[in-house]
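Next come the chains, spelled out residue by residue.
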Amino acid sequence: MVPLALAHLFVRWLHVLGVAVAVGGAALTWAVGRRSAPGEASLAVATVYEFAFWAALGTLVMTGVGNLGAFTPSLPRGRWGATLTLKLLLVAAILLLSAVRTAVVVAWRQRSAPDKTALERGYAATTLSLVAVVALGEVLAHG
Amino acid sequence: MADAGDAGAATADATTTDPTAVPASDPLLAWGLASFHVAVLVVVPVAILHRVGALGSLLHGVGTGVGLALYLLLWGVTWATNRRWLTEADFSAPRPTVAAGGKWGAVAGLAFFYGLLVAIASATGDLTFVAIFALLGTAFSPLVGALIGVGFATLDLLVVDAARRVAAE
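The structure contained in this document is the topic of the report that follows.

What counts as what
- The written sequence of each chain sets the order in which its residues are numbered from 1.
- Chains and ligands are labelled by the order in which they are written, letters from A for the one and numbers from 1 for the other.
- Under the rules for a predicted model, residues below a pLDDT of 70 receive no local features and side-chain atom pairs below 80 are neither given nor counted, while totals for whole chains, interfaces and linings still include all residues.
- Calculated side-chain values reflect all of the structure's heavy atoms, with hydrogen atoms and water omitted.
- Throughout, nonpolar core names a set of buried Ala, Val, Leu, Ile, Met, Phe, Trp, Tyr and Cys residues whose side chains join them through atoms within 4.5 Å.
- Throughout this description, buried means an accessible area under 20% of the type-specific maximum (1.4 Å probe, protein chains only), exposed means over 50%, and partly exposed covers the range between.
- A run of H or I in DSSP becomes a helix once it reaches four residues, and a run of E becomes a strand once it reaches two; helices and strands are each numbered from the N terminus.
- Note on contacts: a residue pair qualifies if any of its non-hydrogen atoms lie within 4.5 Å across the two residues.
- The term buried area means the drop in 1.4 Å probe accessible area that two parts suffer when joined, counted for both and summed.
- For salt bridges, the criterion is a side-chain nitrogen of Lys or Arg within 4 Å of an Asp or Glu carboxyl oxygen.
- Here a polar contact is taken to be a pair of N or O atoms separated by no more than 3.5 Å, where protein atoms must pair a possible hydrogen donor with a possible acceptor and residues adjacent in sequence count only if both atoms sit in side chains.
- Residues are called lining when one of their atoms sits within 4 Å of a cavity or pocket point, these points coming from a 1 Å grid over the protein atoms alone, where a cavity is a set in which a 1.4 Å probe fits but cannot get out and a pocket is an open set with protein on both sides within 12 Å along at least five of seven lines.
- Grid points are joined across faces, edges and corners, and a volume is the space filled by probe spheres set on the points.
- Classification convention: Asp, Glu, Lys, Arg as charged; Ala, Val, Leu, Ile, Met, Phe, Trp, Tyr, Cys, Pro as nonpolar; all other residues, Gly among them, as polar.
- Any two of the Phe, Tyr and Trp rings considered here, Trp counted by its six-membered ring, make a pair once their centres fall within 6.5 Å; the pair's planes then place it as stacked at under 30 degrees, edge-to-face at over 60, or tilted in between.
- Throughout this description, the term charge over a ring refers to an Arg CZ or Lys NZ atom that lies within 6 Å of the ring centre and within 35 degrees of the ring normal.
- Angles here are taken between N-to-C directions and fall from 0 to 180 degrees, while the axes themselves are lines fitted to C-alpha atoms, restricted in helices to the stretch in contact.
- Angle categories: roughly parallel below 35 degrees, roughly antiparallel above 145, roughly perpendicular from 65 to 115, and oblique for all the rest.
- The sense of a crossing depends on the near helix, which, turned anticlockwise from the far helix by less than a right angle, makes the crossing left-handed and, turned clockwise, makes it right-handed.
- Expected span of a helix: the number of residues minus one, times 1.5 Å.

Re the nonpolar core
Phase 1 of the analysis: Residues Leu95 of chain A together with Trp85, Leu86 and Phe91 of chain B are the most contacted members of the largest nonpolar core, which totals 71 residues.
Phase 2 of the analysis: The dominant element in this core, judged by the number of residues it contributes, is helix α3 (residues 78-111) of chain A, at 14 residues.
Phase 3 of the analysis: Those residues within four positions of Leu95 of chain A in sequence are excluded, and the remaining contacts are Trp54 and Leu57 of chain A together with Phe36, Ala39, Val40 and Val43 of chain B.

A short note on the interface of chain A and chain B
Phase 1 of the analysis: Opposite the 41 residues of chain A that make contact, chain B presents 40 residues.
Phase 2 of the analysis: For the chain A and chain B pair, buried surface summed over both sides reaches about 3,600 Å², with 77% attributable to carbon and sulfur atoms.
Phase 3 of the analysis: On the surface where chain A and chain B come into contact, there are 1 salt bridge.
Phase 4 of the analysis: A salt bridge links Arg109 of chain A to Asp26 of chain B; the shortest N-O distance between them is 2.9 Å.
Phase 5 of the analysis: On the surface where chain A and chain B come into contact, there are 7 residue pairs in polar contact (both at pLDDT 80 or more).
Phase 6 of the analysis: Elements with a minimum of two residues in the side of chain A that touches chain B: α1 (4-35), α2 (40-68) and α3 of chain A.

Comments concerning the layout of surface pockets
Phase 1 of the analysis: Taken as a whole, the second largest pocket spans an internal volume of roughly 870 Å³.
Phase 2 of the analysis: Surrounding the second largest pocket, 32 residues form its lining, His15, Gly64, Asn67, Lys87 and Gly137 of chain A being those nearest its centre.
Phase 3 of the analysis: Secondary structure elements with two or more residues in the lining of the second largest pocket: α1, α2, α3 and α4 (116-142) of chain A together with α2 (27-51) of chain B.
Phase 4 of the analysis: The leading source of residues in the lining of the second largest pocket is α4 of chain A, at 8 residues.
Phase 5 of the analysis: Residues that form the lining of the second largest pocket fall into these classes: 24 nonpolar, 5 polar and 3 charged.

A look at the environment of Ala41 of chain A
Residues and elements named next belong to chain A.
Phase 1 of the analysis: As for its position among the elements, Ala41 is in helix α2.
Phase 2 of the analysis: Residue Ala41 is classed as exposed on the basis of its relative accessible area of 53%.
Phase 3 of the analysis: It is 9.9 Å that separates the C-alpha atoms of Ala41 and Pro114, two residues lying 73 residues apart in sequence.

Thoughts on the environment of Ala99 of chain B
Phase 1 of the analysis: When you line up the elements, Ala99 of chain B lands in helix α5 (residues 94-124).
Phase 2 of the analysis: With 30 residues separating them along the chain, Ala99 of chain B and Ala69 of chain B place their C-alpha atoms 30 Å apart.

Some words on the side chain of Thr63 of chain A
All names here are of chain A.
Phase 1 of the analysis: Within the secondary structure layout, Thr63 lies in helix α2.
Phase 2 of the analysis: You can call Thr63 buried: its relative accessible area is 0%.
Phase 3 of the analysis: Within polar-contact distance, the side chain of Thr63 engages the backbone oxygen of Leu60 at 3.4 Å.
Phase 4 of the analysis: Aside from chain neighbours lying at most four places away, what touches Thr63 is Val11, Leu14 and His15.

What to know about the packing of aromatic side chains
Phase 1 of the analysis: For the coordinates displayed, the defined rule picks out 11 aromatic pairs over all chains.
Phase 2 of the analysis: Ring plane angle 15 degrees and centroid distance 5.5 Å describe the contact between Trp31 of chain B and Trp75 of chain B, whose orientation is recorded as stacked. Of this pair, Trp31 of chain B sits in helix α2 while Trp75 of chain B sits in helix α4 (residues 64-88), and the two are 44 residues apart along the sequence.
Phase 3 of the analysis: Look at Phe113 of chain B and Phe133 of chain B: their rings are 5.2 Å apart centre to centre, the planes differ by 45 degrees, and that puts the pair in the tilted class. Of this pair, Phe113 of chain B sits in helix α5 while Phe133 of chain B sits in helix α6 (residues 127-168), and the two are 20 residues apart along the sequence.
Phase 4 of the analysis: A relative accessible area of 6% places Phe113 of chain B in the buried class.
Phase 5 of the analysis: What makes Phe133 of chain B partly exposed here is its relative accessible area of 24%.
Phase 6 of the analysis: One aromatic cluster is present, built from ring pairs that chain together Tyr49, Phe53, Trp54 and Tyr123 of chain A together with Phe36 and Phe152 of chain B.
Phase 7 of the analysis: The ring of Phe53 of chain A has Arg101 of chain A lying over it, and the distance from NZ or CZ to the ring centre is 4.4 Å.

Some points on the packing of α2 of chain B against α6 of chain B
When two helices pack together, you describe them by how their axes are tilted relative to each other and by the distance separating the axes.
All names here are of chain B.
Phase 1 of the analysis: Their axes nearest at 12 Å, the elements α2 and α6 cross at an angle of 125 degrees. Between α2 and α6, the crossing angle belongs to the class labelled oblique. Judged by the twist between their axes, the crossing of α2 over α6 is right-handed. Facing α2, whose interface residues are Leu33, Phe36, His37, Val40 and Leu41, α6 presents Ile148, Phe152, Leu155 and Asp156.
Phase 2 of the analysis: Split into classes, the residues belonging to the contact of α2 with α6 amount to 7 nonpolar, 1 polar and 1 charged.

Details of α2 of chain B
All names here are of chain B.
Phase 1 of the analysis: A rise of 1.5 Å per residue sets the reference length of α2, with its 25 residues, at 36 Å; its end C-alpha atoms lie 36 Å apart and thus fit the reference within 8%.
Phase 2 of the analysis: Of all 25 residues making up α2, 18 are buried, and the element is well covered by its neighbours.
Phase 3 of the analysis: Backbone geometry just after α2 places Gly53 at a positive phi near 80 degrees.

Observations regarding the side chain of His15 of chain A
All names here are of chain A.
Phase 1 of the analysis: With respect to the helices, strands and loops of the structure, His15 is situated in helix α1.
Phase 2 of the analysis: Within the structure, the side chain of His15 is placed 3.5 Å from the backbone nitrogen of Gly64, a separation counted as a polar contact.
Phase 3 of the analysis: Beyond its immediate stretch of four places on either side in the chain, His15 contacts Leu60, Thr63, Gly64 and Asn67.

The structure is reproduced here in structure tokens:
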């Protein structure tokens with residue numbers, strides 16, 4: 001039987017790993033899109049990132065709910081509660097817009113040529129919105 | 001309703017003639033949409049439960065290990081059924097695509113319910129309760145799954161349409 005404290009530590013480690021992959025990968029893909037000519041190289045990086053992004057986001061949602069369990073049985077209300085609501089709404093918006101972004105990459109894979117401006121904007125928006133989610137997470141964890 | 005072969009051929013035809021098409025057979029699309037569905041299925045109810053003040057007590061009743069296992073089960077079931085749905089999907093024909101979403105949603109609902117049943121049976125050990133829960137769940141979980149499947153198939157069609165517009169720019 002795994003001790004409870006070790007299980008919580010593992011869940012938090014997975015959460016931080018998910019954040020690193022999602023934010024770091026988006027920033028890297030944004031940088032590659034900015035610096036390289038539009039072509040198969042930037043599309044290959046975007047494709048790898050899309051697979052990793054959904055693995056990371058799925059892990060973040062799973063472990064995020066697990067982290068909330070540390071506050072049970074009664075979650076704080078007031079300002080903390082409002083911040084959590086804002087974070088959940090932002091995550092829902094990122095999920096929806098990321099589904100569109102992934103489908104755009106799938107369409108680009110069909111013709112092997114991404115649109116440089118759309119690629120840059122898509123991954124810039126992903127990076128910045130994920131950084132905003134991290135900031136809200138910091139507020140929830142440390143006030 | 002067109003069968004899977006016809007739908008697949010139609011999709012293939014669409015992708016060869018339209019450079020902005022989103023091919024349903026792409027494994028990235030199956031992985032992305034499945035992960036999107038599972039995350040939405042968790043984030044939206046968590047937000048609603050939090051707003052009504054019921055989240056804390058619910059989370060308190062679900063252990064970390066059980067919660068992670070159920071999430072991974074839902075993720076796996078959704079990925080497998082999404083792949084099957086996408087082999088039948090034709091994004092230029094919304095009605096049969098949404099109907100197929102309902103069918104595979106029902107399969108996902110039933111599969112997830114049986115996983116949930118195993119978790120509940122191992123936690124309670126009350127065979128009478130488990131038997132009644134199994135009967136009710138077997139009847140209702142495909143219906144719930146079908147409704148969710150129809151909803152997500154409709155949402156996915158909107159996502160793919162938006163992606164086509166971006167890819168066309």
